[in-house]
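Each chain, letter by letter, is given below.
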Amino acid sequence: MILDRKTMPGLALESKIDIIHAQEHSLPNGIPLYYVNAGTQDVIKIELVYRAGSREQDVPLVAGSTNAMLEEGTKKHSSEEIASLLDYYGSFLETSVQQDYASVTLYTLGKHLDKALPILEELIKEPSFPQNELEIYLHNNKQRFLVDEQKERVVAAKNFPSLLFGDSHPYGHKTRLEEYDGVKKEYLEAFHKKYYSAGNCAIIASGRVNEKLLNQIGDYFGKDSTDKSAAFTNRDYALHSATQKINFISSPKKDSVQSAIRMGRVLFHKTHTDAIPFQILNTILGGYFGSRLMSNIREDKGYTYGISSSVVFLQHAGYFNIGSEVGSAVCDAAVIEIYKELDRLCKEPVPADELQLVKNYLRGNFMRSMDGPFALADRFKHIWLHNMDYSYYEKYVDALSTITSKELMEIANKYLQKDSIYELVVGTKK
Amino acid sequence: MIDFERFTLANGLKVIVHRDTSTPMACVNILYDVGARDEDPEKTGFAHLFEHLMFGGSVNIPEYDTPLQIAGGENNAFTSNDITNYYLTLPAVNLEVAFWLESDRMLSLAFSEKSLEVQRNVVIEEFKQSYLNQPYGDIWLEIPKLAYKVHPYLWPTIGKNIDHIKYAVMDDVKAFFKKFYCPNNAILCVTGNVTVEQVKTLCEKWFAPIPMGNPPKRNLPVEPTQMEPRKLELERDVPASAIYKMYHMGKRVDKSFYTMELMADILTDGNASRLYVELVKNQKLFSEINAFTYESIDPGVFIVTGKLLDGITLERADAAIQKELAKLTVAEVQKDELEKAKNKTEAQHIFAEISILNKAMNLSFFELLGDAQNANKEVEKFFSVSEKDMLNEAINVLKETNCSTLYYRSNQKS
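Quick caveat, the model's predicted, so the values are computed rather than measured.

Thresholds applied
Residues numbered from 1 in each chain as written. Chains lettered and ligands numbered in written order. Predicted model: local features only at pLDDT ≥ 70, side-chain atom pairs only at ≥ 80, totals over all residues. Heavy atoms only, no water. Helix = DSSP H or I, 4+ residues; strand = E, 2+ residues; numbered from the N terminus. Rg over C-alpha atoms; globule rule 2.2 N^0.38 Å. Buried < 20%, exposed > 50% of the residue type's maximum accessible area, 1.4 Å probe, protein only. Contact = heavy atoms within 4.5 Å. Areas by Shrake-Rupley, 256 points an atom, 1.4 Å probe, with all protein chains shown as cover. Lys, Arg positive; Asp, Glu negative; His and termini not counted. Charge placed at Lys NZ, Arg CZ, Asp CG, Glu CD. Domains from an automatic or database assignment. Buried area = accessible area lost by both parts, 1.4 Å probe. Salt bridge = Lys/Arg side-chain N within 4 Å of Asp/Glu carboxyl O. Polar contact = N/O pair within 3.5 Å; in protein donor to acceptor, adjacent residues only side chain to side chain. Nonpolar A, V, L, I, M, F, W, Y, C, P; charged D, E, K, R; others polar. Pairing = 2+ DSSP bridges. Axes fitted to C-alpha atoms, helices over the stretch in contact; angles between N-to-C directions. Phe/Tyr/Trp six-rings, centres within 6.5 Å; stacked < 30°, edge-to-face > 60°. Lys NZ or Arg CZ within 6 Å of the ring centre and 35° of its normal.

**Some points on the overall build of chain B**
Summing up its helical and strand segments, chain B has 16 helices and eleven strands in all. In terms of C-alpha radius of gyration, chain B reaches 23 Å, essentially the compact-globule figure of 22 Å for 414 residues. Taking the principal axes of the C-alpha coordinates as reference, chain B spans close to 65 × 45 × 35 Å. Put simply, chain B has 414 residues, and 62% of those count as buried. Restricting the contact set of chain B to residue pairs at least 6 apart, pairs at least 24 apart contribute 81%. Here chain B displays about 15500 Å² of accessible surface, and carbon together with sulfur accounts for 50% of that area. Where the 45 positive side-chain charges of chain B centre and where its 58 negative ones centre are 3 Å apart.

**Examining the overall build of chain A**
Looking only at helices and strands, chain A features 14 helices and eleven strands. Here the C-alpha atoms of chain A give a radius of gyration of 24 Å, agreeing with the 22 Å that 2.2 N^0.38 yields for 430 residues. Counting the 430 residues in chain A, one finds 56% classified as buried. Total accessible area on chain A is roughly 18200 Å²; 51% of this is exposed by carbon and sulfur atoms. Looking at chain A, you have 50 positive and 56 negative side-chain charges, and the mean spots of the two groups are 3 Å apart.

**Side note on the domain arrangement of chain B**
All names here are of chain B. By the assigned domains, chain B splits into domain 1 (5-206) and domain 2 (230-410). Buried surface at the junction of domain 1 and domain 2, both sides included, amounts to about 3200 Å², of which 69% is carbon and sulfur. The interface formed by domain 1 and domain 2 includes five salt bridges. Summed over the shared surface of domain 1 and domain 2, the number is 19 residue pairs in polar contact (both at pLDDT 80 or more). Of all elements in the fold, only strand S2 (14-19), strand S3 (25-32), strand S5 (84-91), helix H5 (139-142), helix H6 (144-147) and strand S6 (186-192) reach the threshold of two or more residues within the side of domain 1 that touches domain 2. Sort the elements by how many residues they give to the side of domain 1 that touches domain 2 and S3 lands first, with five residues. Per-class residue counts for the side of domain 1 that touches domain 2 are 20 nonpolar, eight polar and nine charged.

**A short note on the sheet that holds strand S4 (residues 74-79) of chain B**
All names here are of chain B. Taken together, the six strands give an open sheet; going across it, the order is S1-S2-S6-S3-S5-S4, and neighbouring strands pair in mixed fashion. The open sheet has two free edges, formed respectively by strand S1 (5-8) and S4, since each of these has just one partner strand. For this sheet, the mean inter-axis angle between neighbouring strands, taken without regard to orientation, is 15°. Sheet topology places S2 next to S6; six bridges connect them, and they run parallel. Bridged to arginine 19 within S6 is glycine 192.

**So, unusual backbone geometry**
All names here are of chain A. One non-glycine residue, leucine 61, lies in positive phi territory at about 75°. Looking at the element boundaries, leucine 61 is found in the loop between strand S3 (43-50) and helix H1 (62-69). On the basis of relative accessible area, leucine 61 is assigned to the buried category, the value being 18%. The phi dihedral of asparagine 387 falls on the positive side, at around 55°, and the residue is not glycine.

**A word on the interface of chain A and chain B**
Facing the 68 residues of chain A at the interface are 77 residues of chain B. Taken together, the two surfaces of chain A and chain B that pack against each other cover about 6300 Å², and 56% of this comes from carbon and sulfur. Lysine 111 of chain A is the partner of glutamate 346 of chain B in a salt bridge, and the nearest nitrogen-oxygen pair spans 3.6 Å. Across the contact surface, chain A and chain B share 38 residue pairs in polar contact (both at pLDDT 80 or more).

**Side note on the side chain of serine 296 of chain B**
Residue and element names in this part refer to chain B. Turning to its location among the elements, serine 296 is positioned in the loop between strand S9 (286-293) and strand S10 (301-308). For serine 296, a relative accessible area of 5% puts it in the buried group. When residues no more than four places from it in sequence are discounted, the contact partners of serine 296 are Asp82, Tyr153, Lys251 and Arg252.

**Here we look at the packing of aromatic side chains**
Per the counting criterion, the structure on display carries 48 aromatic pairs over all chains. Look at tyrosine 392 of chain A and tyrosine 393 of chain A: their rings are 5.5 Å apart centre to centre, the planes differ by 70°, and that puts the pair in the edge-to-face class. Comparing tyrosine 392 of chain A with tyrosine 393 of chain A, the two get one shared label, buried. On the numbers, 5.5 Å between centres and 85° between planes, the contact of tyrosine 148 of chain B with tyrosine 153 of chain B is edge-to-face. Overall, the relative accessible area of 1% leaves tyrosine 153 of chain B in the buried class. These aromatic residues form a ring-pair network of at least three members: Tyr32, Phe46, Phe50, Phe55, Tyr64, Tyr86, Phe111, Phe176, Phe177, Phe180 and Tyr181 of chain B. Seen from the ring of tryptophan 384 of chain A, arginine 51 of chain A lies directly overhead, with NZ or CZ sitting 5.3 Å from the centre. Against the face of phenylalanine 55 of chain B rests arginine 105 of chain B, its NZ or CZ located 4.7 Å from the ring centre.

**Details of the pattern of salt bridges**
Scanning the entire structure with this criterion turns up 58 salt bridges over all chains. Between glutamate 337 of chain A and lysine 301 of chain A there is a salt bridge, with its nearest N and O atoms 3.8 Å apart. Of this pair, glutamate 337 of chain A sits in helix H10 (residues 331-347) while lysine 301 of chain A sits in the loop between helix H9 (292-300) and strand S9 (304-313), placing them 36 residues apart in sequence. Judged by relative accessible area, lysine 301 of chain A falls into the partly exposed class, the value being 26%. Measuring nitrogen to oxygen at the nearest pair gives 3.7 Å for the salt bridge that ties lysine 307 of chain B to glutamate 288 of chain B. Taken together, the positions of lysine 307 of chain B in strand S10 and glutamate 288 of chain B in strand S9 put the pair 19 residues apart, joining distant regions of the chain. Three or more residues are tied together by salt bridges with common partners; here these are Asp300, Lys301, Glu337 and Lys340 of chain A together with Lys114 of chain B.

Below, the structure written as structure tokens:
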């Protein structure tokens, strides 16, 4: 028998995707502890999440500095001692800050958990924000800032949210060099006191989680009073979008050979009924390797090494943006092609085979994104942060079977009309 | 511990299977034993350009990505100085699609002129994006040729210069394929929710009919021992000066590799590391400092690099690094300092084994080095390094006569 190499082997019928749910367990003081017990390795990830993102800060950079400085010294141990202890037990920390929340994550082997937990407790509850370490942190970040300012891509990424939201908006503020000089130890202490409290905390644990682990977490984090929940400042989330849709910033370098492009607009929250269809539409446009932007601008024209579009959901808004770095000489042509692709989504229904491909791809991608204990914990976090439950993922999987080209075209017309799109180019004017 | 089975097809294709039923996915990794070190010195960057062309359609399948995406899969690839590695993950129920796609492009490519033309441009944009338009980007074009004079590690994977890519022609592409892309020059590893029987059946069906090739026996020039310090100075429009110091060390399979990896950890990994504490925090000479090894199969380099703070001269920064490194050549490292580095390494290995993709890449790579079973012996090898080994290796490696130093001077500062 001659092997048929031309025909694709048959696909398995769509099987149901099992979504493993995080379980909830309350600590004695009421801190919610969510956990996913899964995986084959003796590893544990414990993430402490606080509503302590950059939107809460009154002084720029304070939220990020507070978060980063947690591992730089406590009342009992220096930065070096903390790192030594964790290193010795093969454990590591990750601190991160987004607009809406901040987190401190401990990764450890199950066998070393009892050594690592007290250190985590100490740096959450008793950070000392030492002056010397703070100065080094600010100074070194200032230098990184200057290096970043030389990159078209970074300049575009920093300026784009401020076009969409306005520089005074909690999501739109663009960091300036001099702001590093305005960060003071006492601001960090105050921010920490206000936002890193038990009443403002949730814990997500994943990996090989057992009863003992839940009790251990309770021993370290379940005793402090949660009465005093953080008093959140009322922020003004009104948009102050730029009046000019088309924007240009000169390249920071004399001999620049590429320009950075950002295009997009403000959207809605993740809870909005259009959120799921828009994500599918975004995938078709620029959300995977075979997307229209990649096929046209990279694979057909060779203008770029990469181009993509993405949707960002924050608690008080969402936005959509396209990003690429393209050869300076072809920048204008690339922008024209991007508008063409947006227009095509508005005017022509997505062909059936392309839609089917994207649905299948997204199903596979969804399975990948649910693979392994840490991934499952992340999936939980992403709904929990938006006060949603697992029915969101059920709806999502459902939409991957049912959504039609007609619905997608309606969404495109609603959100991707040319006159609603902000455009930013960082490069050289011809 | 990664359990696996292995077999070889009659055409020489080596196959490794690791079953992990905790996931609904499968991963297929194919490693081709060809990297930038195998290139013609007049046609560099070719292995990497070729990797791009592997996505431009094969003899029976006009497009690679589309069917894979229909099957819910995702893929990528990378080229290093040593290897070209292709990988994909997809729902395990659709495993056969991966075999269909990968076997067809091992059989033969479509060799489309359009694909060549476009990918040449894409790679040129990649060259610009990563090396020319990035502050400090051209360092990686400059420093390999300082450390290597004859061994092909002297050029970077992207190629010596854009012209080598610009003038690549279809005949080169065809010759390269014929030479290196054959079953007996590849290792296939399948991990995830699969069975050995299933993989055997699929291999017989899709890969066994591909004829054996005749890959050249590798015979690369050996880099002569460096006898004198080497220096290069560049001046660029960047906000801060930087220093790079590269020391010759052993091969990936040598004890030297494990020793120097631990050395790198002790020097710059984390807030308690020697150079961070001494040069970043105490003396405040650098904003950042890093030490690492090239994980290269042939004798590699150990690199120490830092970005200088304002007002610090390159000469002073260089002397400070040398002074710290010299400490490793006169006294053994502390017992707990070494233990710490080992424990950390062990944890990193265990964490990496969560992913079926990491496992597949690892098994393939160690099979290439001689035996996939060695993927399970890495931690043991790190633990076998003693304080005395560290001292001896530091004496061998960390000396100026074995070092190439780059001063990358900022012209924005005095």
